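For reference, the chains in residue letters:
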Amino acid sequence: LPVLQYPIARRDESVVDVYHGVPVADPYRWLEDPDAKEVKEFVEKQVTLMESILKTCETREDLGRTIKSLFDHPRFSTPYKKENKYFYSHNSGLQAQDVLYVQDGLEEEAEVLLDPNGLSEDGTVALSAMSISEDAKYLAYSLSASGSDWVTIKVMRIDDKATEPDCLSWVKFSSISWTHDGKGFFYSRYPAPKEGKDLDAGTETNINLNQEVRYHFLGTDQSDDILCWRDPDNPKWTFSAQVSEDGKYLLLYTHEGCDPVEKLYYCDLSAIQHELEGYRERNDMLPFIKLVDDFEALYTYVANDESEFTFLTNKNAPKQKLIRVNIKEPGEWVDVIPESERDVLESANAVNGSQVLVSYLSDVKCVLQLRDLKTGLLLHHLPIDIGSVDGISCRRKDKEVFISFTSFLTPGIIYKCNLDSEVPEMKIFREIVVPGFDRAAFEVKQVFVSSKDGTKIPMFIVSKKGIQLDGSHPSLLYGYGGFNINITPSFSVRRLVLTRHLGVVFCIANIRGGGEYGEEWHKAGSLSRKQNCFDDFIASAEYLVSAGYTQPNKLCIEGGSNGGLLVAACINQRPDLFGCALAHVGVMDMLRFHKFTIGHAWTSDYGCSDKEEEFNWLIKYSPLHNVKRPWEQTDNQKSIQYPSTMLLTADHDDRVVPLHSLKLLATMQYVLCTSVVNSPQTNPIVGRIDSKAGHGAGRPTQKLIDEAADMYSFMAKMLGISWIN
Ligand SMILES: O=C(NCC(=O)N1CCC[C@H]1C(=O)O)OCc1ccccc1
């Protein structure tokens, strides 16, 4: 590697905040303004540095070409039905964005309904949410640009694919739900930002407050939408409106953060549907009834028979259960399917009139059952392989259900299950085939690693078949660990290319903070116990070394967003344990994250530095505040340095704003490199800052391929591994 010329970034030593009496310097505070000339210059210099290093990464072209060719295979979503039409999304292989198709029957000719690829020449406009009216006459859909969370809602008439004039702006974190009379739909929006700034939506860091629920009348201007609900006393709260499957009720869900808890109000739509227009003049809101008015649990809608509602809930059931309540007499809630001892009840879909298809997560693998909707009694097990169900599509009135399945070595299978036969059979409806992929060359294992406190942490290990455990294998360990999110088996072209052509052993650690074992698992990796996530991840890494898969200088860790925090915290705490670290769009400034866009919603997992006790949790692991020179820590650390590190971010990431990665990058380059004469830190600390890109959702295919080629060729170079043909 050439001797690295790190840019020298200005340090403003005058910026010191006092948190509950504790002074904390923030010399790179100026990096928080994306529009400042100095920040743009800082980014340009980092991009130049990154490019100079990528030139030395020999496997970059091979990786890009091989990932691209393996990725070039047809992909489909599960079809779903509205009226008598089927809809599904499909990508022929390398299209920037998936395309939405419609057909009059499963065997009928399918035609393109909406092709987002035509909406921008570089594929950076993506389809985000969508909802089809009950009579399948209209499609309401939201588009996002450059990966921003901001979307614009549009409407298309399905029969002639004409785009209607409706255009709804300043929509974010919104579902779309039609009233069954087809006159319009409910959605959520924020106030338009103050005029004046020529806003490139998604590059701003302004906090998102005062979301509200509106109803849009088809064919009218957004200014005519009626205000259904808002709560000015609680500006951080977010709201979601959902029409019940019979069209008779409107459910209003309120969230105060990211915890799996919500308030649930409802309104009897059949009583007000014909007079919704009338609400335009009145300035009061819809007459909601408060069914649940506390933040104790989730109540995911499953079905209703008139006022008898069935919900999936974690109320007094961290692994979830199915309950029933008559919302008109909400005194008595009845268990339909009690909480399982071991497995997490993840989803419940009403089907075939009186049945419910439920999916469980059992030691991070999926189990499917058909049960009686009324009694909860088990009717049938539906056989699936070890892996994940990543899509279930059915309606209560249908006798068929589509189930999409994937796993580490299964690109994708869409099953069609007919429930009218005595024993339901899982027929293969579509199988995704990846030319050139030979699953027999690989093997998958699941191990359980003991963490620092003895907790057993599941870990999947994907490798070439029959490797010797001689410590020689470069390994990539991936983790997330937060927000009740499960990281379950899925097919990844780019990671299989690493295993096949770089001999990489690819591992996923299901660390605490996720939802793999329910809400207790999530809580065990949150707030004051967030350190458990790092301990679990470090223990997983140490297992890979002690079991003979790899060794520290051949071990790379990778994570995104909350997983980027995980990676950055782990290299601060154990710089000796890793040879390379890849942190995507990480949350790195744990004292200030709540000030930007939707960051305030994450205090449910992290806490907030505004509170003294929580500040004391955060300051201990915040990546930005814990970069230390390893060689100065203790004597036996003389030769220790940080692993080669790449921090990745993008200019339109308004979920985790780029300032997190930019401030950490400047801090690491200063503390470890530019402030030390003849620094022992010879492993590069670099940033990959993409443009016209965001947090990840909606990223066009070529950008996904380029990012993988850059990132993994950097890893290959740093771990000293070369291409295997
Ligand atoms: O912020 C999140 N989700 C959490 C998220 O995106 N996080 C949480 C930490 C950083 C980042 C990540 O890990 O992707 O979603 C937006 C939202 C909508 C409605 C109510 C609350 C929040």
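Just so it is clear, the model here is predicted, and its values are computed rather than measured. Within each chain, residue numbers correspond to sequence positions counted from 1 in written order. In keeping with the predicted nature of the model, local features appear solely for residues at pLDDT of at least 70, side-chain atom pairs appear and are counted solely at 80 or more, and the whole-chain, interface and lining totals rest on all residues. Hydrogens are left out, water is left out, and the side-chain values use all remaining heavy atoms of the structure.

With axes taken as lines fitted to C-alpha atoms, and helix axes fitted only over the stretch in contact, angles between N-to-C directions fall between 0 and 180 degrees. Starting at the N terminus, helices and strands are each numbered in turn, a helix being any DSSP run of H or I of at least four residues and a strand any DSSP run of E of at least two. It is at 9 Å that the axes of helix α2 (residues 60-71) and helix α12 (residues 701-719) come closest, and there the two elements cross at 140 degrees. If you check the angle between α2 and α12, you find them oblique. In this structure, α2 meets α12 at a crossing whose hand is right-handed. Contact residues: α2 offers Arg60, Leu63, Gly64, Ile67, Lys68 and Phe71, while α12 offers Thr701, Gln702, Ile705, Ala708, Ala709, Asp710, Tyr712 and Ser713. Note that Gly is not counted as nonpolar here; it falls among the polar residues with everything else outside the nonpolar set of Ala, Val, Leu, Ile, Met, Phe, Trp, Tyr, Cys and Pro and the charged set of Asp, Glu, Lys and Arg. Classifying every residue of the contact of α2 with α12 by side-chain character gives seven nonpolar, four polar and three charged. Here is the rule for angles: anything less than 35 degrees is roughly parallel, anything more than 145 is roughly antiparallel, 65 through 115 is roughly perpendicular, and the remaining ranges are oblique. In this scheme the handedness of a crossing depends on how the near helix is turned from the far one: anticlockwise by less than a right angle means left-handed, clockwise means right-handed. Here, residues are in contact when the closest pair of their heavy atoms is within 4.5 Å.

Bringing the side chain of Arg592 into the picture now. With respect to the helices and strands, the residue Arg592 is situated in the loop between β37 (580-584) and α8 (603-606). Contact partners of Arg592, with chain neighbours within four places excluded, come to Tyr19, Asp26, Arg29, Glu32 and Lys663.

Moving on, we get to the confidence of the model for the protein. Regions with low pLDDT should not have their predicted coordinates read in detail. For the protein, mean pLDDT is 96; residues scoring 70 or higher make up 99% of the total. Quick note on the complex model: pTM equals 0.97, ipTM equals 0.99. pLDDT measures the predictor's confidence residue by residue and takes values from 0 up to 100.

Moving on: the packing of helix α4 (residues 493-502) against α12. Angle between the axes and distance between the axes are the two parameters that describe a pair of packed helices. At their nearest, the axes of α4 and α12 sit 11 Å apart, and the two run at 35 degrees to each other. Remark: the crossing between α4 and α12 carries right-handed chirality. Between α4 and α12, the residues in contact are Arg494, Arg495, Leu498 and Leu502 and Leu704, Glu707, Ala708, Met711, Tyr712, Met715 and Ala716, respectively.

Pairing between two strands is assigned when DSSP locates at least 2 bridges connecting them. Overall, antiparallel pairing links the four strands, which are arranged β20-β21-β22-β23 in an open sheet. Only two strands of the sheet have a single partner each, and these edge strands are β20 (299-305) and β23 (333-337). Shown here is a sheet whose adjacent strand axes are inclined to one another by a mean of 30 degrees, direction ignored.

The next point concerns the site of the ligand. If even one non-hydrogen atom of a residue comes within 4 Å of a molecule or strand, that residue is called near it. Residues in close proximity to the ligand total 16 residues, the closest being Tyr480, Ser561, Asn562, Trp602 and Arg655. Any N or O atom pair separated by 3.5 Å or less is treated as a polar contact, with the protein-specific requirement of one donor-capable and one acceptor-capable atom, and with residues adjacent in sequence counted only for side-chain atom pairs. Contacts to the ligand include Tyr480, whose side-chain N or O atom sits 2.5 Å from an oxygen atom. Backbone polar atom of Asn562 to an oxygen atom of the ligand: 3.0 Å apart, as the coordinates give it. With residues, only the protein chains shown are counted as cover, and all accessible areas are computed by Shrake-Rupley using a 1.4 Å probe. Compared with its free state, where it exposes 500 Å², the ligand has 83% of that area covered by protein. A per-class count over the shell around the ligand returns ten nonpolar, five polar and one charged.

Here we come to the sheet that holds strand β32 (residues 442-450). Reading across from one edge, β32-β33-β35-β34-β36-β37-β38-β39 is the order of the eight strands in this open sheet, with mixed pairing throughout. Of all strands in the sheet, those with a lone pairing partner are β32 and β39 (685-690), marking the two edges. Averaged over all pairs of adjacent strands, the angle between their axes in this sheet comes to 20 degrees, without regard to strand direction. Bridge count for strand β36 (residues 555-560) against β37 is five bridges, and the pairing is parallel. Bridging from a neighbouring strand, Cys556 pairs with Cys580 of β37. Where helix α6 (residues 531-546) meets the sheet, its contacts fall on β32, β33 (456-464), β34 (475-478), β35 (505-509) and β36, and the angle it forms with β33 comes to roughly 45 degrees.

Once that is clear, we can look at the side chain of Ser142. Relative to the helices and strands, Ser142 resides in strand β9 (residues 138-145). Among the polar contacts listed, one links the side chain of Ser142 to the backbone nitrogen of Ala129, at a separation of 2.8 Å. Residues in contact with Ser142, not counting those within four places in the same chain, are Ala126, Leu127, Ser128, Ala129, Val151, Thr152, Ile153 and Ile176.

It is worth spelling out α6 at this point. Taking 1.5 Å of rise per residue, 16 residues should cover 22 Å, and α6 covers 22 Å from first to last C-alpha, within 8% of that figure. In the segment just after α6, Gly548 is the residue with positive phi, at about 90 degrees. Take the residue count of a helix, subtract one, and multiply by 1.5 Å to get its expected span.

The subject of this paragraph is the environment of Ala524. Along the chain, the position of Ala524 falls in the loop between α5 (519-523) and α6. The class for Ala524 is buried, based on a relative accessible area of 10%. It is 6.0 Å that separates the C-alpha atoms of Ala524 and Arg512, two residues lying twelve residues apart in sequence. Contact partners of Ala524, with chain neighbours within four places excluded, come to Arg512, Arg529 and Asn532. Accessible area is worked out with a 1.4 Å probe on protein chains only. A residue is then buried under 20% of its type maximum, exposed over 50%, and partly exposed in between.

In this section: the packing of aromatic side chains. Side-chain rings of Phe, Tyr and Trp (the six-membered ring for Trp) are treated as a pair once their centres are within 6.5 Å; stacked means planes under 30 degrees apart, edge-to-face means over 60, and tilted covers the remaining angles. Scanning the entire structure with this criterion turns up 35 aromatic pairs. An angle of 85 degrees between the planes, with centres 6.4 Å apart, marks the rings of Phe173 and Tyr190 as edge-to-face. Of this pair, Phe173 sits in the loop between β11 (162-171) and β12 (177-178) while Tyr190 is found in the loop between β13 (184-189) and β14 (212-217), placing the two residues 17 residues apart along the sequence. What makes Phe173 partly exposed here is its relative accessible area of 28%. Residue classification places Tyr190 among the buried positions, given a relative accessible area of 2%. For the pair Phe437 and Phe442, a centre-to-centre distance of 5.6 Å together with 25 degrees between the ring planes defines the contact as stacked.

Another point: the pattern of salt bridges. Close approach of charged atoms lets side chains of opposite charge pair. Counted as salt bridges are all cases of a side-chain nitrogen of Lys or Arg within 4 Å of a carboxyl oxygen of Asp or Glu. In the structure shown here, the tally under the stated rule is 47 salt bridges. One salt bridge connects Arg29 with Asp17, and the closest N-O pair in it is separated by 2.3 Å. Of the two residues, Arg29 is situated in the loop between β2 (22-25) and α1 (37-54) and Asp17 in strand β1 (residues 16-19); the sequence distance between them amounts to twelve residues. Of the charged contacts in the structure, one is a salt bridge between Glu519 and Lys523, with a shortest N-O distance of 2.7 Å. Here the residue Glu519 and the residue Lys523 both occupy positions in helix α5, the gap between them amounting to four residues, near one helical turn. Glu519 gets classed as buried once you look at its relative accessible area, which sits at 13%. Using a relative accessible area of 32% as the deciding quantity, one classes Lys523 as partly exposed. Shared partners join several salt bridges into a network, and the residues in it are Asp17, Asp26, Arg29, Glu32, Asp589, Arg592 and Lys663.

Let's shift gears to the environment of Ser144. Considering the arrangement of structural elements, one finds Ser144 in strand β9. Overall, the relative accessible area of 8% leaves Ser144 in the buried class.

Here α12 is 19 residues long and its end C-alpha atoms lie 27 Å apart, about the 27 Å a rise of 1.5 Å per residue gives. Within α12, 15 of the 19 residues are buried, which leaves the element mostly enclosed by the surrounding structure. Remark: Gly720 follows α12 within two positions and exhibits a positive phi of approximately 65 degrees.

Here, the term nonpolar core denotes a set of buried Ala, Val, Leu, Ile, Met, Phe, Trp, Tyr and Cys residues that are joined through side-chain atoms within 4.5 Å. With 121 residues, the main nonpolar core has Leu477 and Tyr606 as its most contacted residues. Non-local contacts of Leu477, meaning those with residues more than four positions away in its chain, are made with Met459, Cys507, Ala509, Phe537, Ser540, Ala541, Leu544, Leu555, Cys556, Ile557 and Glu558. If you look at the next biggest cluster of nonpolar residues, it comprises 23 residues, including Cys228, Trp229, Trp237 and Leu269.

A few words now on the pairing of β2. Examined bridge by bridge, β1 and β2 share four bridges and lie antiparallel to one another. Within the sheet, the bridge partner assigned to Asp17 lies in β2 and is Val24. Count of turn residues in the β1/β2 antiparallel hairpin: two residues, of which His20 carries a positive phi of about 50 degrees.

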